[in-house]
Amino acid sequence: MVVVDGIGGYVPLYRIDRDDVAAQHGGRGRGESAVPARDENHVTMASEATTTALERSATAAEDVAAVFTASITDPFAEHGIAAQLAYRLGTSTDVRTGDFQGSARAAADALVTAGEYVRATDQPAVVAAVDVMPVESGGDDEATMGAGAGALVLRPDRDDPMATVDAVGQATTGFLERHREHGESATAGDARFERRHGVAPAASTAFDRAETDADLEYGVASAPGFRLARTALESIDAERVSTFNEVGYAGTATLVLDLCHAIESVDAGSTIGAVAYGQGGADAVVVTVGDGATDPDGLTVAAQLEAKEYVPYVKHLEYRERYDYQGVPNA
Amino acid sequence: MSGPRYHRTRAQDQRLLAFECQSCGYVSFPDERRTCKRCGDAPATFEEVRLAERGEVETFVVQEYLPDDIEVPQPLAIVDLPQADGEGESARVYGLLTETELDELSVGTEVEARFRELFDDGERPINSFKFAVPREVKR
Amino acid sequence: MTDAHVVGSGIIDFGEKYEWSFDDLLEGAYLDLVESVDHGIEPTKDIDAIWYGTLDIANEGASGASVAHATGLFEKPATQIVNACATGSDAFRNAVQAVKAGDVEVALVIGAEKMLDSTEGLIGGAALERLWRGRGVTMPAFFGMRATRHMEQYDTTREQIAEVSVKNHENGTKYPHAHQQFECTVDDVTESATVSYPLNLYDCCPVTDGACAVLVTNDERAREFTDAPVRVAGYGFSTDSFMRGDDLALTNFPASRQASSMAYERSGYGPDDVDVAEVHDCFSITELITYEDLGFCEQGEAGAFIDDGVPHLDGDKPVNPSGGLLSKGHPIGATGVAQIAEIFEQLRGEAGDVQVPDAEVGLQHNIGIGRNATGAVSCVNILER
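Every value quoted in this text rests on a predicted model; they were computed, and no experiment measured them.

Reading the values: the criteria
- Residues numbered from 1 in each chain as written.
- Chains lettered and ligands numbered in written order.
- Predicted model: local features only at pLDDT ≥ 70, side-chain atom pairs only at ≥ 80, totals over all residues.
- Heavy atoms only, no water.
- Helix = DSSP H or I, 4+ residues; strand = E, 2+ residues; numbered from the N terminus.
- Expected span 1.5 Å × (residues − 1).
- Contact = heavy atoms within 4.5 Å.
- Buried area = accessible area lost by both parts, 1.4 Å probe.
- Salt bridge = Lys/Arg side-chain N within 4 Å of Asp/Glu carboxyl O.
- Polar contact = N/O pair within 3.5 Å; in protein donor to acceptor, adjacent residues only side chain to side chain.
- Nonpolar A, V, L, I, M, F, W, Y, C, P; charged D, E, K, R; others polar.
- Phe/Tyr/Trp six-rings, centres within 6.5 Å; stacked < 30°, edge-to-face > 60°.
- Buried < 20%, exposed > 50% of the residue type's maximum accessible area, 1.4 Å probe, protein only.
- Lys NZ or Arg CZ within 6 Å of the ring centre and 35° of its normal.

**Student:** Please give an account of helix α4 (residues 106–121) of chain A that cites residues and values.
**Tutor:** Given 3.6 residues per turn, any residue in an α-helix points the same way as the ones three and four places further on. Here α4(A) is 16 residues long and its end C-alpha atoms lie 22 Å apart, about the 22 Å a rise of 1.5 Å per residue gives. D122(A) occupies a position one or two residues after α4(A) and carries a positive phi of about 65°.

Printed below as a string of structure tokens:
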């Protein structure tokens, strides 16, 4: 068995009102998207989410056997997030690390691999997903690209866990349409084609393969747009839990952040079907919420959605880019 | 690039590791040396302690004029951080605040340590702690 | 052992001296000294050694050779002293010690700083790439933190802090070498632009170029230069930890207490004996706190001390008759030397419009650098007629 020992979501304080984005180019928007502060980066945001998850867990940092991270926007080709996060958390130096990337499925890959690792080693593992989606002024998806992080601590067993992982399923279809170069905004391609031939078959197959007898009451979907995510949940009859209208699409973080939000906000005993769609296919995870998720310590995702400040349009562009420091290196 | 500088203090900078003098109880942060800054014991015996990620503002300012690298207004505070296990003395540290405004601050305000990017070394971000009023205050 | 005496001083008008190079500043102060020694001086023959104070912010004056070059005083020991904002007075203290030790008969003390060649100034240091040690921090912040705490702990008011600046600017208009020659009101100070809350623009000293020199000699030779030498009665210097941050360091400058205790003990005088003082007022709050550290008033009573008018020019214990750093300016290496020069003039009755009547004992106080404890270097010298 694999249980969710701790969960933590992180939503930056700052938001851009989508109306303010639309107003720049003529038009209207609904909802808002999360914008990182200038002093936040992938490692710091992953640290925020993971610290919350570990505090809620029964796992001490030095007992964590693996740290797997996912990101599709890490600006570094070589640098990594997992090892930096592991050090920050205070894990032992014999911790296994892995950086998953290259597809928005990376969060599910990290989660499922961590589950396998826990089963294989009988030791706890940490999964963190973090992204700051790049935008282009005037780009089609400028208003809905978000930022955030989510983290899970998995372990073999625990009394009153926050949730249990009941089943996983995957569908590697090889479908490719949307793509994105480093630091650039995405080339979305034909949205209808992606929905009908990419999302729908991959997500439904992944759910089919996640064998569970449970009735999926709630659904969580990660896909780079509201309609794509809705399509990903079409094959299950579940109430959708999403931060899309408050956070936007936060890349790999969306799966874990939304799953965290769902576990925090639905009743114990409920079953959640979560699906991550990305380049090459989709993955589904089914979890059942445990008593340990009732009134969790620390800030919930819901509380962070409320605790916010709006930034003007220029800051939304500026804060997503890495700042070019002048510094006084040798003073 | 000065990798060695950030490497040798990474436990203090990323984990709030501090050093408690076994002779007088003074908690040294971030210095890790063999002499005590308070009782002068030399060589002193220090024990490693972890600081809590929540403390109290002892005094503060809010700076308005700084180089472009730093956004203004930029509050700065002296913060007493207790030890994580609740034992012994607090460490008195000074640090930058983030996402915190003048009207949220007074002597005695509770602040959280938040892991943030301070600057970069070449292109490489250097992360350590700033302080902020707890996020729930923003609701 | 001989005493040390100040027997001459020289200063240039402090200000924005864009036409003057760093060497010009040194040369100007040196020539003013040479020309003003009462009985004259033959510098190359009389001067045995030089103590030279500068942080060398302009990067043009490192080492003793720089002062030798600027003054033409070659083939003598010349020592550069660097000790943060207390550089000038520590140069003086070192010269005094050498004279008292009998190793040097006549010492030139000279301090200079070219602050205005760099538009960035000291504020650029806030971009320093150091964790926990200066990143994002300016001098107004280090001193402002003491203001915040002093107000909280002792109910010191914003207006009492501002009054220091009002007083010193008024004095500065009467002091010929001051950079800022204008008066201001408490409202002007409290309504000026915020630099680092709670400190505003008029709570801060200006950025100023300047230089100053004094001549120090022993008992035997003092009257060779003047009939009115000023004796160095005592001196003290102390440091504090950057990071330790004792409770007292939240509101005060502990190093100043130690430095002044040493100076009082050496001189045999106490705070009540001081007739006039030149103290470090890089910011208004610095001077206010210093009243307490020097024992001019009780702990926490500095606000009432200034409310009562005690440190004003016509008060019982005038502080900063020259206008202080707030008005005169703070060219770092020159600052402490200029304070000594002013006390020298006060005790000789030559201080013109800012003369304190019958001043016999004068105190000079100069501090520098900040972190968890601020004013972490502190120098106090006591002079007497």
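**Student:** How would you explain the interface of chain A and chain C if you had to name every residue and give the values?
**Tutor:** Listed per partner, the contact involves 5 residues of chain A and 6 residues of chain C. Buried area between chain A and chain C, summed over both chains or domains, comes out near 460 Å², and the portion from carbon and sulfur atoms is 50%. Summed over the shared surface of chain A and chain C, the result is 0 salt bridges. Seen at the junction of chain A and chain C, the total is 0 residue pairs in polar contact (both at pLDDT 80 or more). Of the residues belonging to the side of chain A that touches chain C, the class tally is 4 nonpolar, 1 polar and no charged.

**Student:** Any chance you could break down the packing of aromatic side chains for me, citing the residues and the numbers?
**Tutor:** Centre-to-centre distance and the angle between the planes together describe a pair of aromatic rings. In the structure shown here, the tally under the stated rule is 15 aromatic pairs over all chains. Relative to Y197(C), the ring of F60(B) lies with its centre 6.0 Å away and its plane at 15°, an arrangement referred to as stacked. Placement of F60(B) in strand β4 (residues 54–63) and of Y197(C) in strand β5 (residues 194–197) is noted, with the two residues assigned to different chains. Under the relative-accessibility criterion, Y197(C) is labelled partly exposed at 31%. Between the aromatic rings of Y291(C) and F305(C), the centroid separation amounts to 4.8 Å while the plane-to-plane angle is 50°, which identifies the pairing as tilted. Taken together, the positions of Y291(C) in helix α11 (residues 284–293) and F305(C) in helix α12 (residues 302–307) put the pair 14 residues apart, joining distant regions of the chain. Each member of the pair, Y291(C) as well as F305(C), is classed as buried. Taking the ring centre of Y87(A) as reference, the NZ or CZ of R15(B) above it sits at 3.8 Å. The residue whose ring lies beneath K317(C) is F296(C), and the NZ or CZ to ring-centre distance is 5.0 Å.

**Student:** How would you sum up unusual backbone geometry? Please name residues and give values.
**Tutor:** Most of the time, phi is negative for any residue but glycine, and the peptide bond is trans. Going from F29(B) to P30(B), the amide bond is cis rather than trans, its omega being 0°. Secondary-structure assignment places P30(B) in the loop between β2 (27–28) and β3 (46–50). At the junction of A42(B) and P43(B), the peptide bond is cis and its omega measures out at -5° in the coordinates. Mapped onto the secondary structure, P43(B) falls in the loop between β2 and β3. Positioned with a positive phi, D358(C) is a non-glycine residue whose angle comes to about 55°. Relative to the elements of secondary structure, D358(C) occurs in the loop between α14 (332–347) and β10 (361–368).

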